[in-house]
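# Descriptive structure summary
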Amino acid sequence: MISVDYSKAAGDLSGLEPALSQAHQWLQEATGRGNDFVGWVNLPRDYDREEFARIQAAAKKIQGDSRALVVIGIGGSYLGARGAIDFLCSPNYNLKKKDTPNIYFAGNGLSADYLQEIMDLIGEEDFSVNVISKSGTTTEPAVAFRFFREMLEKKYGKAGAAGRIYATTDKARGALKSLADAEGYETFVVPDDVGGRYSVLTAVGLLPIAVAGVDITRLMAGAADMMETCRSGEFRQNPAWQYAAARNELYRSGKKIEILASYEPAFRFMTEWWKQLYGESEGKENKGIFPASVEFTADLHSMGQYIQQGERHLFETVVRFGPSAAELKVPYDQGDGDGLNFLAGKDMDYIATQAMDGTLLAHVEGGVPNIILRAGEKNAYTLGELIYFFEYACGLSGYVLGVNPFDQPGVEAYKKNMFALLGKPGYEDMGAELRAKLGK
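Let me begin by describing the structure that accompanies this report. (Residues numbered from 1 in each chain as written. Predicted model: local features only at pLDDT ≥ 70, side-chain atom pairs only at ≥ 80, totals over all residues. Heavy atoms only, no water.)

This brings us to the packing of helix 3 (residues 49-65) against helix 8 (residues 203-211). Look at helix 3 against helix 8: their axes get within 8 Å of each other, and the N-to-C directions meet at 35 degrees. Judged by the twist between their axes, the crossing of helix 3 over helix 8 is right-handed. Contacts between helix 3 and helix 8 involve Glu-51, Phe-52, Ile-55, Ala-58, Ala-59, Ile-62 and Gln-63 from the first element and Ala-203, Leu-206, Leu-207, Ala-210 and Val-211 from the second. Taken together, the residues that form the contact of helix 3 with helix 8 break down as 10 nonpolar, one polar and one charged. (Axes fitted to C-alpha atoms, helices over the stretch in contact; angles between N-to-C directions. Helix = DSSP H or I, 4+ residues; strand = E, 2+ residues; numbered from the N terminus. Left-handed = near helix turned anticlockwise from the far one by under 90°. Contact = heavy atoms within 4.5 Å. Nonpolar A, V, L, I, M, F, W, Y, C, P; charged D, E, K, R; others polar.)

This part covers the pattern of salt bridges. In the structure shown here, the tally under the stated rule is 28 salt bridges. For Lys-61, the salt bridge identified is with Asp-65, shortest N-O distance 2.9 Å. Residue Lys-61 and its partner Asp-65 are located together in helix 3, separated by four residues, close to a single helical turn. Taken together, the shared-partner salt bridges connect Lys-134, Asp-170, Lys-171, Arg-173 and Asp-192 into one network. (Salt bridge = Lys/Arg side-chain N within 4 Å of Asp/Glu carboxyl O.)

Across its 24 residues, helix 6 (residues 139-162) extends only 22 Å between first and last C-alpha, which sits more than 12% below the 34 Å expected from 1.5 Å per residue. By the burial criterion, the buried members of helix 6 are Thr-139, Glu-140, Pro-141, Ala-144, Phe-145, Phe-148, Met-151, Leu-152, Ala-161 and Ala-162. (Expected span 1.5 Å × (residues − 1). Buried < 20%, exposed > 50% of the residue type's maximum accessible area, 1.4 Å probe, protein only.)

Together, Asp-12, Glu-17, Glu-234 and Glu-249 make up a negatively charged patch on the protein surface. Accessibility expressed as a relative area gives 64% for Asp-12, which makes it exposed. (Patch = residues over 30% accessible without salt bridge, like charges linked within 9 Å, V, L, I, M, F, W, Y side chains within 5 Å. Areas by Shrake-Rupley, 256 points an atom, 1.4 Å probe, with all protein chains shown as cover. Lys, Arg positive; Asp, Glu negative; His and termini not counted. Charge placed at Lys NZ, Arg CZ, Asp CG, Glu CD.)

A separate point is unusual backbone geometry. Here the amide bond leading from Phe-296 into Thr-297 is cis, since omega sits at 10 degrees, within 30 degrees of zero. Relative to the helices and strands, Thr-297 is located in the loop between strand 8 (290-295) and helix 12 (304-309). Positive phi values are uncommon outside glycine, yet Ala-30 reaches one of about 55 degrees. Its location among the elements puts Ala-30 in the loop between helix 1 (17-29) and helix 2 (43-46). For Ala-30, a relative accessible area of 31% translates into the label partly exposed. Positive phi, close to 50 degrees, is recorded for Asp-336, a residue that is not glycine. Mapped onto the elements, Asp-336 comes out in the loop between strand 9 (314-320) and helix 13 (348-365). Residue classification places Asp-336 among the partly exposed residues on the basis of a relative accessible area of 27%.

Listed below in structure tokens is the structure:
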């Protein structure tokens, strides 16, 4: 169970309870702004069991016939899966000796070098592709899919390639759905009522996570239990209420930046998922906490100085996990040249805990409020809990802030400019205007 300790961040939060109660009602009854996109609220209970079984079967097939899986998607279509695989399997997953395929993430940028490197790494190995796009027309994944589809068809022929392409897309319409139906790709659904950044517990995230060997049944069980916890309308019983309240109170007091920190390097990409979740949900109407992240203790030697003594416009949220699976004790050194024999025989978890507590005290005394999120051991169940906790708290927090947590109108601006500069039909006049502004 996740617990929230805001004693080093905020005092009495009872003044926010009416707003939280209203936000909670909007989420539970799907009656608030953006209510067309709250399907994730009950997803851990109401998910499609038949599709879930097909996801597990497809994962086993990919494990059996492929040495690599290329996951093509951007934003919410890849961050959650990559974060989960890093956290539960290892940031060095592709380097480990294992019975599951290497997993490469493509379509999340426009770097030719990056695409070429993935193709070179696959080489002559058998591979499959999971392309994830609601529409099938998002530029970055659509371009990447062209390359890997061509690569598959050259290697296996059109029919053979079709058996190795898995499309996660709209259930009924769109360019990718039409192509998948025409070519015979197996398809999985991006639900209409679940936005991309809330979609990690759908087929969007579950297929690649399952291919990596993660028990997705346990992942969903953790999320389902947290869903039941978050159904409580009592502040003291609902950790999502507590987190949403604390961060909104800090925002109102002038803390405009939230740094999500963990002392577990494998959690780094989950913080990237968290940044999209909160940044895209709250950053609108000239409002919102700016989400940033650090990896401790490494970043204490780079960002630590700023956090300790820089401008006082930030607060920290630190995720603490239970004991490590590895039990490592510091060896004794006869010469003690580094002066660390006082640590000999001490467990690494013990040392890390003292580092956490020492940092907490230093930062709080330096004017940086700290929220502590205590989670369980590093496993699929705990991650399921944490994913749902962050999602529910995000919905609450956005409503309390006074914005629609489920739209993202601002992301369209760069796309229009990019299309115009690339010469997409219908954007010619805009392209000429933009090139003039750029002096081209």
